[in-house]
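# Residue-level structural notes
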Amino acid sequence: MKCPFCGEENTKVIDSRPADDNSSIRRRRQCEKCDKRFTTYEKLETIPLVVIKKDMAREPYDRSKIEKGLFRSCTKLPISVDQINQIVDSVETEIFNLEKKEVPSQYIGEVVMERLKGLDPVAYVRFASIYREFKDVNTFMDEIKKILDNQ
């Protein structure tokens, strides 16, 4: 592992333990040249996943797209980065556990919305309004009524 500070190729592992979600390993490393420390995470490489878009186009799965959507939905809300990462990890676990090579984007969106619904209703409505492409105020209000009826 190269040191991100000086580029030295020799680093040593100081500490190694499972990460919070138990699906990766957290390693604390130290550069043998500059003595700076940094953290790396190791994840098991999984089969490549292809996402089937609404227009039936296919593209490789990209974790950052889920993260971006969640960050936009959670802007100015009391939701931590750790909570967002937990949702992304949870969504990834669910879709990779399907053990399919292709997953529809609609399925991924529904899983994300289900997680957001339990976290914050405002974030949920924000995400749903973009994901489901609400056409008018009535559609938006219907979604809000569903949330209020379930509380």
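Provided above is the structure to which this section pertains.
Note that the structure is a prediction, hence the values are computed from the model and not measured.

### Let's talk about the overall build of the protein chain
- Scanning the protein chain from N- to C-terminus turns up five helices and six strands.
- From first element to last, N terminus to C terminus, the protein chain shows the α and β order β-β-β-β-β-α-α-β-α-α-α.
- Its C-alpha atoms give the protein chain a radius of gyration of 19 Å, more than 25% over the compact-globule value 15 Å for 151 residues.
- For the protein chain, the spread of C-alpha atoms along the three principal axes comes to 65 × 35 × 25 Å.
- In the protein chain, which comprises 151 residues, the proportion classed as buried is 30%.
- A total accessible area of about 10200 Å² is found for the protein chain, and carbon and sulfur atoms account for 51% of it.
- The centroid of the 28 positive side-chain charges in the protein chain is displaced by 3 Å from the centroid of its 27 negative side-chain charges.

### Describing the side chain of threonine 40
- Relative to the helices and strands, threonine 40 resides in strand E3 (residues 37-43).
- Reaching out from threonine 40, the side chain makes a polar contact with the side chain of arginine 29 at a distance of 3.1 Å.
- Not counting residues up to four positions away in its chain, the partners in contact with threonine 40 are Met1, Ile25, Arg26, Arg27 and Arg29.

### Some words on the packing of helix H2 (residues 81-97) against helix H3 (residues 105-119)
- In the contact formed by H2 and H3, the axes pass within 10 Å of each other and the chain directions differ by 140 degrees. Between H2 and H3, the interaxial angle falls into the category oblique. Taken as a pair, H2 and H3 cross one another with a handedness that is right-handed. On H3, the residues touching Gln83, Ile87, Ser90, Val91, Glu94 and Ile95 of H2 are Tyr107, Ile108, Val111, Val112, Arg115, Leu116 and Leu119.
- Its residues placed into classes, the contact of H2 with H3 shows nine nonpolar, two polar and two charged.

### Describing the sheet that holds E3
- Within the open sheet, the three strands sit side by side as E1-E2-E3. Their pairing is antiparallel. Two strands lie at the open edges of the sheet, namely strand E1 (11-18) and E3, each paired on one side alone. The mean inter-strand angle of the sheet, taken between neighbouring strand axes irrespective of direction, is 25 degrees.
- Sheet analysis places E1 next to strand E2 (residues 24-31), joined by seven bridges and oriented antiparallel. By the bridge assignment for E2, proline 18 is matched with isoleucine 25.

### Looking at the nonpolar core
- Ranked by size, the top nonpolar core spans 26 residues in total, and within it Ile66, Leu70, Val91, Ile108, Val112, Leu116 and Tyr124 carry the most contacts.
- Of all the secondary structure elements, the ones that give two or more residues to this core are helix H1 (63-73), H2, H3 and helix H4 (121-131).
- For this core, the element with the highest residue contribution is H4, accounting for six residues.

### So, the layout of surface pockets
- The volume enclosed by the largest pocket comes to roughly 550 Å³.
- Around the largest pocket, the lining is made up of 21 residues, and of these Lys53, Lys65, Ser105, Phe127 and Tyr131 lie nearest the centre.
- For the lining of the largest pocket, the elements supplying multiple residues, two or more each, are strand E5 (58-60), H1, H3 and H4.
- Counting residues per element, the lining of the largest pocket draws most heavily on H1, which supplies six residues.
- Grouping the constituent residues of the lining of the largest pocket by class yields nine nonpolar, four polar and eight charged.

### Notes on the side chain of aspartate 120
- Note on placement: aspartate 120 falls in the loop between H3 and H4.
- Within polar-contact distance, the side chain of aspartate 120 engages the backbone nitrogen of valine 122 at 3.0 Å.
- Polar contacts involving the side chain of aspartate 120 include one to the main-chain amide nitrogen of alanine 123, which spans 3.0 Å.

Rules behind the numbers
- Residues numbered from 1 in each chain as written.
- Predicted model: local features only at pLDDT ≥ 70, side-chain atom pairs only at ≥ 80, totals over all residues.
- Heavy atoms only, no water.
- Helix = DSSP H or I, 4+ residues; strand = E, 2+ residues; numbered from the N terminus.
- Rg over C-alpha atoms; globule rule 2.2 N^0.38 Å.
- Buried < 20%, exposed > 50% of the residue type's maximum accessible area, 1.4 Å probe, protein only.
- Areas by Shrake-Rupley, 256 points an atom, 1.4 Å probe, with all protein chains shown as cover.
- Lys, Arg positive; Asp, Glu negative; His and termini not counted.
- Charge placed at Lys NZ, Arg CZ, Asp CG, Glu CD.
- Polar contact = N/O pair within 3.5 Å; in protein donor to acceptor, adjacent residues only side chain to side chain.
- Contact = heavy atoms within 4.5 Å.
- Axes fitted to C-alpha atoms, helices over the stretch in contact; angles between N-to-C directions.
- Parallel < 35°, antiparallel > 145°, perpendicular 65-115°, else oblique.
- Left-handed = near helix turned anticlockwise from the far one by under 90°.
- Nonpolar A, V, L, I, M, F, W, Y, C, P; charged D, E, K, R; others polar.
- Pairing = 2+ DSSP bridges.
- Core = buried A, V, L, I, M, F, W, Y, C linked by side-chain atoms within 4.5 Å.
- 1 Å grid on protein atoms, 1.4 Å probe; cavity = no way out; pocket = protein on both sides within 12 Å on 5 of 7 lines; lining within 4 Å.
- Points joined across faces, edges and corners; volume = space filled by probe spheres on them.

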